[in-house]
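Spelled out, the chains give:
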Amino acid sequence: MSKRTKIILGLVGGVVVVGALTAFIRGRDRDVPRVTTAKVEKMDLVSKVTANGKIQPRRKVDLSALVAGQIVNLAVKEGDKVKKGQLLLQIDRAQLAAQAQGREASLEAMRSDLQAARSTAEQAKRDYDRSNTNYTAKILSEAEVQKARASYDTAQANLAATDQRMRSTMADLAASRDSLSKTTVTSPLEGVVTFLPIKEGEVTVTGTMNNAGTRLMTVSDMAEVEAVMMVDETSVPQVTLGQKATLTIDAYPNQKFQGTVTEVGSSPIPKNDPDLLTLIANSEAINFKVKIKIDKPPDSIRPGFSVTADIVTGRRDGATAIPIQALIVRDVEKKDKKPATGRPETEDGVYTIKEGKLVFAKVKTGIAGELMIEVTDGPKPGQEIVTGPFKVLRQVKDGDRVIIEKEKEDDKKGGHKPA
């Protein structure tokens, strides 16, 4: 065999060996999980609670009919600006005016009756005094004195009864005048007519125990408006008074508004809540009401506009942070192996890699941003941790061998963004 042939055969043999080794390695690593990694970073974190809601005025008055009658003059229309005390509508006052006049006449008659009863009582008093004097002088008998006393007592009782009847008539007249005054409806505040369900010529009815009265209109003070938000029960403990919020109103795209939390509800929102009726009706979750006062609202803002708010609940400058998807929550294995009662204990952590194998490291977390979460105790900045994929992280365990996948070129250039 020539030297050249030996060299060729040697090269072929080397290629075969390399190919066999490569195939062996690939076959061995075929079932080994591939993971991605990232380094623990130092960054500024801001935690937020996002909620949906509706725009509502801070002050509004729902006007209802206090007297029954036909609306003879509707002086405003929906959207009109009104001043405090301005006429809104007039209900027919003819019947109530006649009733008030009748009671005024009755009162005048009662005054005359009272004067007559007073005069009768005074005369009966004089007769009784005279009879008593004559009885002392033994001019009249005791029976005559007793008769005079009875007449006096009767006159006094009649005077008292007449006085009470006059007071009752005065109260009836005051009620009639009050009802008459309620036929003229004026604005209780300066604002805008934001709801007007009635029309001129309709007949109003007053409310009873089981039926609400006719709703006339709503006058809202749009100088100060607030966002009434629906916050999930898991997020509401993070929300406190005075926190700042950034709001987006659907009616004003590409605009941001600033606000301050002024109220945090202490009980769940009922299904019939008028401020969030359309939102709460379609939600099965437990939600709480949070109110945010809006700074510098636009002049054209209206009640009922849809709004989304990002409430800033925490801020940490220079925090040690990891990607949220890297955080693992696993059950704590107890050595005593006692039967578990209730929910199992859990611990938070991340996976690091040592000599190609996973190592679980416990962590304590702080505030959470949109993509990153603070680590108050655990891996230090610059340390490499496993970030995914999500499915792999939920299947692997401490000590498993893994292969680190290299970043693709488009990822390095910013073409890939974490979900």
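Residues numbered from 1 in each chain as written. Predicted model: local features only at pLDDT ≥ 70, side-chain atom pairs only at ≥ 80, totals over all residues. Heavy atoms only, no water.

1. Re the pattern of salt bridges
Phase 1: According to the stated counting rule, one finds 22 salt bridges in the structure shown.
Phase 2: Here Arg-58 makes a salt bridge to Glu-226, at a shortest N to O gap of 3.7 Å. In this pair, Arg-58 is assigned in strand E2 (residues 41-64) and Glu-226 in strand E9 (residues 215-232), connecting sequence segments 168 residues apart.
Phase 3: A relative accessible area of 6% places Glu-226 in the buried class.
Phase 4: Residue Asp-62 pairs with Arg-215 through a salt bridge whose shortest N-O separation is 3.0 Å. Within this pair, whereas Asp-62 is found in strand E2, its partner Arg-215 is found in strand E9, the two being separated by 153 residues in sequence.
Phase 5: The partly exposed category is assigned to Arg-215, whose relative accessible area is 37%.
Phase 6: What emerges from the salt-bridge pattern is a single network uniting Arg-58, Glu-224, Glu-226, Glu-263 and Lys-291. (Salt bridge = Lys/Arg side-chain N within 4 Å of Asp/Glu carboxyl O. Helix = DSSP H or I, 4+ residues; strand = E, 2+ residues; numbered from the N terminus. Buried < 20%, exposed > 50% of the residue type's maximum accessible area, 1.4 Å probe, protein only.)

2. What to know about unusual backbone geometry
Phase 1: Pro-389 follows Gly-388 through a cis peptide bond whose omega is 0 degrees.
Phase 2: If you trace the backbone, Pro-389 turns up in the loop between strand E19 (384-388) and helix H5 (390-393).
Phase 3: Backbone geometry places Lys-296, a non-glycine residue, at a positive phi of 50 degrees.
Phase 4: As for its placement among the helices and strands, Lys-296 is situated in the loop between strand E12 (287-294) and strand E13 (306-323).
Phase 5: Unusually for a residue other than glycine, Glu-355 sits at a positive phi of about 55 degrees.

3. Side note on helix H2 (residues 94-136)
Given 3.6 residues per helical turn, the α-helix brings residues three or four places apart onto the same face.
Phase 1: Here H2 is 43 residues long and its end C-alpha atoms lie 63 Å apart, about the 63 Å a rise of 1.5 Å per residue gives.
Phase 2: Listed in full, the buried residues belonging to H2 are Leu-96, Ala-100, Leu-107, Met-110, Leu-114, Ala-117, Ala-121, Ala-124, Tyr-128 and Ser-131.
Phase 3: Buried residues along H2 sit against helix H3 (142-181).
Phase 4: The first or second residue beyond H2 is Lys-138, which carries a positive phi of 60 degrees. (Expected span 1.5 Å × (residues − 1). Contact = heavy atoms within 4.5 Å.)

4. Brief notes about the sheet that holds strand E15 (residues 346-354)
Phase 1: Strand order in this open sheet of three strands is E14-E15-E16, and the pairing throughout is antiparallel. Since the sheet does not close on itself, it has two edges, and those belong to strand E14 (328-331) and strand E16 (357-362), each with one partner. Going from strand to strand, the sheet's axes swing by 50 degrees on average, the running direction of each strand aside.
Phase 2: Both E15 and E16 contribute to a ladder of six bridges, which runs antiparallel. Looking at the pairing, Ile-353 lines up with Leu-358 of E16. (Pairing = 2+ DSSP bridges. Axes fitted to C-alpha atoms, helices over the stretch in contact; angles between N-to-C directions.)

5. Re the pairing of strand E7 (residues 191-195)
Phase 1: Pairing of strand E4 (residues 81-82) with E7 involves two bridges; the strand directions are antiparallel. Directly across from Lys-81, in E7, lies its bridge partner Val-192.
Phase 2: Examined bridge by bridge, E7 and E9 share three bridges and lie antiparallel to one another. In the strand pairing of E9, Val-192 is matched with Ser-220.

6. A short note on the sheet that holds strand E1 (residues 34-39)
Phase 1: Spatially, E19-E1-E20 is the arrangement adopted by the three strands of the open sheet, whose pairing is mixed. Because the sheet does not close on itself, it has two edges, and the strands there are E19 and strand E20 (403-404).
Phase 2: Sheet topology places E1 next to E19; four bridges connect them, and they run antiparallel. Residue Thr-36 lies in a different strand from E19, and its bridge partner there is Gly-388.

7. Some points on H3
Phase 1: An ideal rise of 1.5 Å per residue puts 58 Å on 40 residues; H3 measures up with 59 Å between its terminal C-alpha atoms.
Phase 2: All of the buried residues in H3 are Val-145, Ala-148, Tyr-152, Ala-155, Leu-159, Thr-162, Asp-163, Met-166, Thr-169, Leu-173, Ser-176 and Leu-180.
Phase 3: Elements that come into contact with the buried residues of H3 comprise H2 and strand E6 (184-186).

8. Things to note about the confidence of the model for the chain
When pLDDT drops low, the exact placement of atoms in the prediction is not to be read closely.
Phase 1: Across the chain, the average pLDDT comes to 86, with 87% of residues at 70 or higher.
Phase 2: Confidence, expressed as mean pLDDT per element, reaches its minimum in the chain at helix H6 (residues 409-412) with 44 and its maximum at strand E5 (residues 87-91) with 96.
Phase 3: Segment residues 408-419 is flagged for pLDDT under 50; beyond a separation of four residues in sequence, or across chains, it makes seven contacts in the model. (pLDDT = per-residue confidence, 0-100.)

9. Let's talk about the pairing of strand E17 (residues 364-368)
Successive side chains on a regular strand alternate, one facing one side of the sheet and the next facing the other.
Phase 1: In the sheet, E17 pairs with strand E18 (residues 372-377) via three bridges, with the strands oriented antiparallel. Bridging across to E18, Lys-364 finds its partner in Asp-377.
Phase 2: Connecting the antiparallel pair E17 and E18 is a turn made up of three residues.

10. Side note on the side chain of Asn-287
Phase 1: Within the element layout of this structure, Asn-287 appears in strand E12.
Phase 2: A distance of 3.2 Å separates a polar atom in the side chain of Asn-287 from the backbone oxygen of Ala-285.
Phase 3: If sequence neighbours within four positions are ignored, Asn-287 has contacts with Met-230, Val-231, Asp-232, Pro-268, Ile-269 and Ile-280. (Polar contact = N/O pair within 3.5 Å; in protein donor to acceptor, adjacent residues only side chain to side chain.)

11. Considering the packing of H2 against H3
Phase 1: It is at 7 Å that the axes of H2 and H3 come closest, and there the two elements cross at 165 degrees. With respect to H3, the axis of H2 lies roughly antiparallel. Like other packed secondary-structure pairs, H2 and H3 cross with a definite hand, here left-handed.
Phase 2: Its residues assigned to classes, the contact of H2 with H3 comprises 20 nonpolar, 12 polar and 13 charged. (Parallel < 35°, antiparallel > 145°, perpendicular 65-115°, else oblique. Left-handed = near helix turned anticlockwise from the far one by under 90°. Nonpolar A, V, L, I, M, F, W, Y, C, P; charged D, E, K, R; others polar.)

12. Examining the packing of aromatic side chains
Phase 1: Counted under the stated rule, the structure contains four aromatic pairs.
Phase 2: With a centroid separation of 6.1 Å and an interplanar angle of 65 degrees, the aromatic rings of Tyr-252 and Phe-305 are classed as edge-to-face. Residue Tyr-252 is located in the loop between strand E10 (244-249) and strand E11 (257-268), and its partner Phe-305 is located in the loop between E12 and E13; the two are separated by 53 residues in the primary sequence.
Phase 3: Among the residues examined, Tyr-252 registers a relative accessible area of 11% and is labelled buried.
Phase 4: Residue classification places Phe-305 among the partly exposed residues on the basis of a relative accessible area of 22%.
Phase 5: Every member of this aromatic cluster is reached through a ring pair, and the members are Tyr-252, Phe-257 and Phe-305.
Phase 6: Taking NZ or CZ as reference, Arg-149 lies 5.1 Å from the ring centre of Tyr-128, over its face. (Phe/Tyr/Trp six-rings, centres within 6.5 Å; stacked < 30°, edge-to-face > 60°. Lys NZ or Arg CZ within 6 Å of the ring centre and 35° of its normal.)

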